[in-house]
Amino acid sequence: MLEINYCLSNIEPETRPLLHQPHFHPIEDFCLGRCGYCEAGAFLVVDGKVVTGESHSEIIEKLEQETGHHLLNTDH
Amino acid sequence: MNVIFICIDSLNRHFLQAYGQPIELAVAAPNLERFAAKAAVFDTHYAGSLPCMPARREYFAGIQEFLWRPWGPMEPFDVSLALAARRAGAITQLVTDHYHYFQYGSHGYFNDYHGFEFIRGHEYDAWRTQPIEPDPILLRQIGSPDPQQLHFMNRAVYARNVAEFQAEEEFFAPKVFRQTADWLTHNHQYDKWLLVVDSFDVHEPFHLPEPYASLYTDENPRDPALINWPYYGRIDQGQSKLSDRQVAFVRSQFAGKVTMVDRWLGQVLDKLDALNLWQKTMVIITADHGHYLGDHGWMGKPNAPMYNTLTHIPLFIWHPHSPLQGRRIPALTSAVDLYATILNALEAEVPAFVHSRSLVPLLLGQTTQHRDWAIYGYWGSTVNVTNGRYTYLHPCREDRPADCYSTMFMNPHGWFQPIKRPKEAQAGQFLPYTEFPVWRYQAMSYTRHTEPMLFDVQADPAQMADLAAEETAVTADMRHLLHEALQHLQAPESQFARLGLE
């Protein structure tokens, strides 16, 4: 289970529901205090570490590769 | 009469002996205690708009802004405290290390003073770019930022800003309060003056010189495993997760900061003694909000229910003509009330449209009742009300956006970043307290809890028992009180909708 902090001012509305799935423990806040990353582009904080990407979907794909889980498939 | 207004950012009420200090640490603050013994101590004082800059617009413009907009600038229609004081013949001065005044998302807060001192370097203040490689231990303790990262608001700037600090006198609160005492020395002979002192300490980072770093802990304060600038959120999960040992250390450093601020605040009180100013000066000491330090499982000012840790704030006022000096004042009061209180003391005009109600009649013993409700919250989120006995925390619907009203564009949730264009905006005379046209634009609502919460804060000051489900009649009464307060303030229609209070 990955703990994922995300920020309301950063998250893309279409990505927000993707984070609510079995392999993730999503933690939402209006600001994560990571304003530099937030201004620069898409980011998530995964188990305490900042992960950046072109989009949140791309970050989730990166996590998929690292964990070996099909994270976007809620059947898993 | 002259006025000194001192705001100590994030000063937790429950860390002070004057308020019973119901915590595990015996935090020493002898100067605050001597002031509390001399002044009127307000027992039921609540923050209004949170966090830092929204609280300051309440103090400096008298507007309870969180129903209309988030963190932002002074508006052109605001009559600032300094401007109103000037018009009443007072010389005005600001002493602060509160860098948010000069950051994206806020401006106009210092322009009306005759003079201001800005002490550089606190928290994210964009001040120093060297040393290129800051102290690696401090970097670990402030959250392990990458010092080579060039994004906005890199925590490494703090390590650079304080790189040359060695003696206690070089830290922030000592500079703020020494400047304050110096200003009094050189300016007290003006006929009438307003001195605003806005200390960013005891706000994080909880980074301290000795002896304060070791006062309330046996740990090595330079142990890199011990964080002094924790991320906001729950202490049991995610980026804000902390061990019990780390939480205890954070609490010890917060306590050390209280003691350090207190020591230097004492220089200001000593100066008032030495210059014999008490009989012609009103002195106010308060905070803007509190700070969770593991309370209810939270750290910082996160997306949490708005418990009293954040919102029930300290207030001490010395008024030379008050018969209540050294006494407790139980009446319900609100942060926004200090604007009119200060202008009243300066015999300055209080604009009719503001939300502030002077506390001077209470201080003079002319009344014991001040207000029936105080509301508080963050823009775009839950809205909360107290009648002094109960606190009622009301959730919002996340499927209903919040409207932002301002003459300026601001980022509703990313306050410190370059301004992003809202998708749509309308202009018009939308505000009940000004004929100025303003922009109206929408942003996402976020709730802090999904069900209403109710606490009897007289019987349960730590708010351990949520009574909303069992005390249904009181819950309904408090919901009605919230509705009444919003109607009184002529809150936007969209607020009623997003709160389900139509």
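Residues numbered from 1 in each chain as written. Chains lettered and ligands numbered in written order. Predicted model: local features only at pLDDT ≥ 70, side-chain atom pairs only at ≥ 80, totals over all residues. Heavy atoms only, no water.

A. Structural detail: helix H10 (residues 337-345) of chain B. Residues and elements named next belong to chain B. Burial analysis of H10 places eight of its nine residues in the buried class, which makes it a mostly covered element. Here H10 has its buried residues at Asp337, Leu338, Tyr339, Ala340, Thr341, Ile342, Leu343 and Ala345. With its phi angle positive at about 55°, Glu347 sits one or two positions after the end of H10. (Buried < 20%, exposed > 50% of the residue type's maximum accessible area, 1.4 Å probe, protein only. Helix = DSSP H or I, 4+ residues; strand = E, 2+ residues; numbered from the N terminus.)

B. Local environment of the packing of helix H1 (residues 30-38) of chain B against helix H8 (residues 244-274) of chain B. All names here are of chain B. At their nearest, the axes of H1 and H8 sit 7 Å apart, and the two run at 45° to each other. Accordingly, the angle class assigned to the pair H1 and H8 is oblique. Here Pro30, Asn31, Leu32, Arg34 and Phe35 of H1 lie close against H8, whose contacting residues are Asp262, Arg263, Leu265, Gly266, Leu269, Asp270 and Asp273. Classifying every residue of the contact of H1 with H8 gives five nonpolar, two polar and five charged. (Axes fitted to C-alpha atoms, helices over the stretch in contact; angles between N-to-C directions. Parallel < 35°, antiparallel > 145°, perpendicular 65-115°, else oblique. Contact = heavy atoms within 4.5 Å. Nonpolar A, V, L, I, M, F, W, Y, C, P; charged D, E, K, R; others polar.)

C. Broad picture of the confidence of the model for chain B. Summing up the model confidence of chain B, the mean pLDDT is 97 and the portion of residues at 70 or higher is 100%. This prediction of the complex comes with two scores: 0.96 for pTM and 0.87 for ipTM. (pLDDT = per-residue confidence, 0-100.)

D. Structural context of the pattern of salt bridges. All names here are of chain B. For the structure on display, the rule yields 24 salt bridges over all chains. When the shortest N-O distance is used, the salt bridge between Arg56 and Asp198 registers 2.6 Å. Highlighted residues: Arg56 in helix H2 (residues 52-61) and Asp198 in strand S5 (residues 193-199), separated in sequence by 142 residues. Asp198 carries the same exposure label as Arg56, and that label is buried. A salt bridge links Arg234 to Asp236; the nearest nitrogen and oxygen atoms lie 3.2 Å apart. (Salt bridge = Lys/Arg side-chain N within 4 Å of Asp/Glu carboxyl O.)

E. Inspection of the sheet that holds strand S1 (residues 2-7) of chain A at higher detail. Residue and element names in this part refer to chain A. Here four strands make up an open sheet; going across it, the order is S2-S1-S3-S4 and the pairing mixed. Strands at the two margins of the open sheet, each flanked by one partner only, are strand S2 (24-29) and strand S4 (49-53). Taking each pair of neighbouring strands and ignoring which way they run, the sheet shows an average axis angle of 30°. Bridging between S1 and S2 involves six bridges; their strand directions are parallel. Along S2, the bridge assignment pairs Glu3 with His25. Sheet strands touched by helix H2 (residues 56-67): S1, S2, strand S3 (42-46) and S4. Its angle to S3, the strand with the most contacts, is close to 40°. (Pairing = 2+ DSSP bridges.)

F. Structural view of the pairing of strand S7 (residues 281-286) of chain B. Residues and elements named next belong to chain B. Among the six residues of S7, six are classified as buried, and the element is accordingly described as predominantly covered. Residues of S7 alternate between two faces, with Thr281, Val283 and Ile285 on one and Met282, Ile284 and Thr286 on the opposite face, all of them buried. Sheet topology note: the strand S1 (residues 2-8)/S7 ladder contains six bridges and is parallel. The residue of S7 that forms the bridge with Phe5 is Ile284. With four bridges connecting them, S7 and strand S10 (residues 315-318) associate as antiparallel partners. In the strand pairing of S10, Ile285 is matched with Phe316.

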